[in-house]
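Structure at a glance
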Amino acid sequence: MLRISTDHWLLALRTVLAVWLALFLALRLDLYQPAWAILAVMIVTLQPVMFTGGTPPIGIIIGRGVARFFGTLFGAVAGLVLIAFFGQQPMLYLLFSGAWLAFCMYWVMLEQDEYLGYVMMLSGYTATLVSLTALGTGVEDIWTIALGRFTETALGIGCGVLMHLLIAPRFGSRALPEALSGFLKNAAEETLAALDSPRPRATQDARLKALLGDYQQFEKLRGLTRLETRRLSRFIPALDRFASDSLALITAIRELETALDYLRACEDGEHWLAQLNAHAAPLLATIAEQPAGEPLEKLTLPDFAWDPERVSPRSRVRAELARQRLGEVLGLLQHGRRLRHALNAPASARVHALPREKRTRTTHNEHFVARYNALRVFVAFELLGLFWIHSGWHSGYLAMMLLGVFTMLFAKAPNPAAVVYQFLWGTLAAVTLGAVLLFLVLPVINGFPLLAIAIGIPVMVGTLLTPRPRWAAMGLSGAITLMTLLNLHSTYTFSPTTYINGGLASLIGTTTAMFTYALMRQRSPAERIRTLLGAYWRGVARLMCEPALPNRARLESRLYDRLGRLVALGGSDDTLREALDLHALALCVWRIRRLREELAPHRRELEAWLDDIGQRLVARRHHSPEVWHELSDQARQWVARFYHEPRLSVATAGEIAMLGHLMREAPGVTLEAQADDDAPTAPHDRRATPPRQETPHVR
């Protein structure tokens, strides 16, 4: 038996009341097309429900509403321009409107900010909605249509947001402090576990993946603070900066475990590890037990007191490397604890010590994916437009409208063809239900109350279907198509031919979108992984070869963006491990380049070695364990040379030792194999992977 939760009933109540209010005001104000106000309510309310499975936080509703407001405004202006220049020239209109759709699609695929991308999405298909409606009903009414689209969308947005604010609102940002506490607690426990004893690699991977899940929850809630509450607005720069630092924390824990494993391999490793544990364990335990407690002063791990005559250089380098990585972890944890305490005590004097400026961020852009999606939208729009123009089919503009909407809405979905297939069934149901309403119910309705009931029933059904993954697309598509077909602004006329033409156009537009996605398939996850790896290798090669050292914040933000994409495309624990190893490798190279002034006698030779590695990375498609092991041995030879250089700091040798450790893990090999096999690979020990047939020294 299908059980409906209280949350879903409240969602349906909000939606129906918002639809009734929007419909009443639109009819009372005699607006151009009241159905557009209802559409705005349905899309702003229900589209986030498809991804959350229930009532979305009010911040998402507000963000989507504001983005839809500006997107509709820009789209309406673009529609006016299209008609003003090409209203009497169908072929030129088709070319330039398709180009506008493609341009907006390109921007949507590249833009990382969810709401700015939503603005561009709305700008794209609103321009076609306004201009196509004018072409189908009369270009002389273009100003009325554009103004009506904007005002009625704004009305629907206002009604939808109002009902979500008045009826049991959900404020997601209220859970932000606890989400931050959970992340800090788990990170501190992970660090304690790493210090306590060595763990199997599978356990490390699983725990790091859980920690990444905690970060993603924190990141999702952080995005709501700007929209939901003014109490936390002063912390937005600090929250934004810790969003980057929390990813750095995950990577630092991964590097710390590697450093500790190699320290334990020394004969006296446990002795130095016990000293690190004695200083760091109390603070880690305090953070794990009370992540929101009063932050302590910054803890600096004391230098090791060793006798160079009695302690081997190998032990000194590895112990110093572990101390540095542990210090980095502690610093990031203390930063997070200060922020967490400030969220509970906004009046605390420590709040003034938090960052007040956002950190510069640089993202990795998949230009090929964006170009391909833009081309796909353009080709589909042009082909259907040519059919519409040359067939002389009056209602064909409705098919093109739905094609533009669906190709823009679901371009970022993993399988957009499957989503549009569900929409097709929802469209069929809406066409059938619309015929019943238009020809059997509306003729006998007299007055607004009966009209509200007639509209409210299908709206409630569609709302209750949307939170369920199996029926989500059908519920939303049914609502969109139904409101498109019902002409609520005009006096009722019995015109089955017009309705059949409109219903057929809706089905053709949806089917065309589905076939577009099915025939012009997006690059597979394996192909995108291969492209991401290629970009990564080129980036590391530039990092090794270019004389200027890049800004670390920019470098980290781009690396973290690639890390998130690799994990999303692969998804396994093994993928996360390799992505973190790749990230750690790049940061290790950056640290070595930063310390180059200390390498005066060996600087030129070491930079030539790094340059050689960079050339190898970009000269081959596959990077086998054999090649990585060779490079790791070379790094160890460098460390062995530095053991006997008293002028060089232990930190410099430690960074090169860490680089050798990371290269010994053969980072990227499993991801490359996954991309070649076009299927996820099972987790395994990369060091046991048989090498491919290639000569390591051939460039």
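These numbers were taken from a predicted model, which means no experiment stands behind them.

Turning to the packing of aromatic side chains, a few remarks are in order. Considering all chains together, one arrives at 17 aromatic pairs under this definition. Between Phe85 and Phe86 the ring centres are 6.1 Å apart and the planes differ by 40 degrees, which places this aromatic pair in the tilted class. A relative accessible area of 58% places Phe85 in the exposed class. Owing to a relative accessible area of 15%, Phe86 belongs among the buried residues under this scheme. Clustering of aromatic rings is evident, with ring pairs tying together Phe69, Phe70, Phe74 and Phe150. Residue placement shows Arg64 over the ring face of Tyr118; its charged tip is 4.5 Å from the ring centre.

Our focus in this paragraph is the nonpolar core. As a rule of thumb, soluble globular proteins bury nonpolar side chains together. Judged by nonpolar contacts, the single largest core of 199 residues is most densely connected at Ile250, Leu333, Trp609, Trp628 and Leu659. Among the nonpolar cores identified, the runner-up in size contains five residues, and Val44, Ile58, Ile157 and Val161 belong to it.

With that out of the way, let us pick up the pattern of salt bridges. Applying the stated criterion to the full structure yields 24 salt bridges. Measuring nitrogen to oxygen at the nearest pair gives 3.7 Å for the salt bridge that ties Arg264 to Asp261. Note that Arg264 and Asp261 are positioned in helix 9 (residues 236–264) at a spacing of three residues, about one turn of the helix. Looking at Arg264, the relative accessible area reads 16%, which means it is buried. Since its relative accessible area comes to 29%, Asp261 is described here as partly exposed. One network of salt bridges, in which partners are shared, links Glu255, Arg325, Glu328, Arg591 and Glu655.

Our focus in this paragraph is the environment of Phe381. By the element assignment, Phe381 lies in helix 12 (residues 367–391). For Phe381, a relative accessible area of 1% corresponds to the buried category. A C-alpha to C-alpha distance of 9.5 Å links Phe381 and Ala99, two positions 282 residues apart in sequence. Other than its neighbours up to four places away in sequence, Phe381 contacts Leu94, Ser97, Gly98, Leu101, Thr128, Leu132, Met400 and Leu403.

Where helix 3 (residues 58–86) meets helix 4 (residues 90–110), the closest approach of the two axes is 9 Å, and the angle between their N-to-C directions is 155 degrees. When the axes of helix 3 and helix 4 are compared, the pair comes out roughly antiparallel. In terms of crossing hand, the pair formed by helix 3 and helix 4 is right-handed. Counted together, Ala78, Leu82 and Phe86 of helix 3 and Pro90, Leu92, Tyr93, Phe96, Ser97 and Trp100 of helix 4 form the full contact between these two elements. When the residues that make up the contact of helix 3 with helix 4 are grouped by side-chain class, the tally is eight nonpolar, one polar and no charged.

Counted at 1.5 Å a residue, the expected span for helix 23 (residues 650–664) with its 15 residues is 21 Å, and the 21 Å between its end C-alpha atoms agrees. The element helix 23 is largely enclosed, with a buried count of 14 among its 15 residues. In the stretch just after helix 23, Ala666 is the one whose phi turns positive, near 55 degrees.

Criteria and thresholds
- Residues numbered from 1 in each chain as written.
- Predicted model: local features only at pLDDT ≥ 70, side-chain atom pairs only at ≥ 80, totals over all residues.
- Heavy atoms only, no water.
- Phe/Tyr/Trp six-rings, centres within 6.5 Å; stacked < 30°, edge-to-face > 60°.
- Buried < 20%, exposed > 50% of the residue type's maximum accessible area, 1.4 Å probe, protein only.
- Lys NZ or Arg CZ within 6 Å of the ring centre and 35° of its normal.
- Core = buried A, V, L, I, M, F, W, Y, C linked by side-chain atoms within 4.5 Å.
- Salt bridge = Lys/Arg side-chain N within 4 Å of Asp/Glu carboxyl O.
- Helix = DSSP H or I, 4+ residues; strand = E, 2+ residues; numbered from the N terminus.
- Contact = heavy atoms within 4.5 Å.
- Axes fitted to C-alpha atoms, helices over the stretch in contact; angles between N-to-C directions.
- Parallel < 35°, antiparallel > 145°, perpendicular 65-115°, else oblique.
- Left-handed = near helix turned anticlockwise from the far one by under 90°.
- Nonpolar A, V, L, I, M, F, W, Y, C, P; charged D, E, K, R; others polar.
- Expected span 1.5 Å × (residues − 1).

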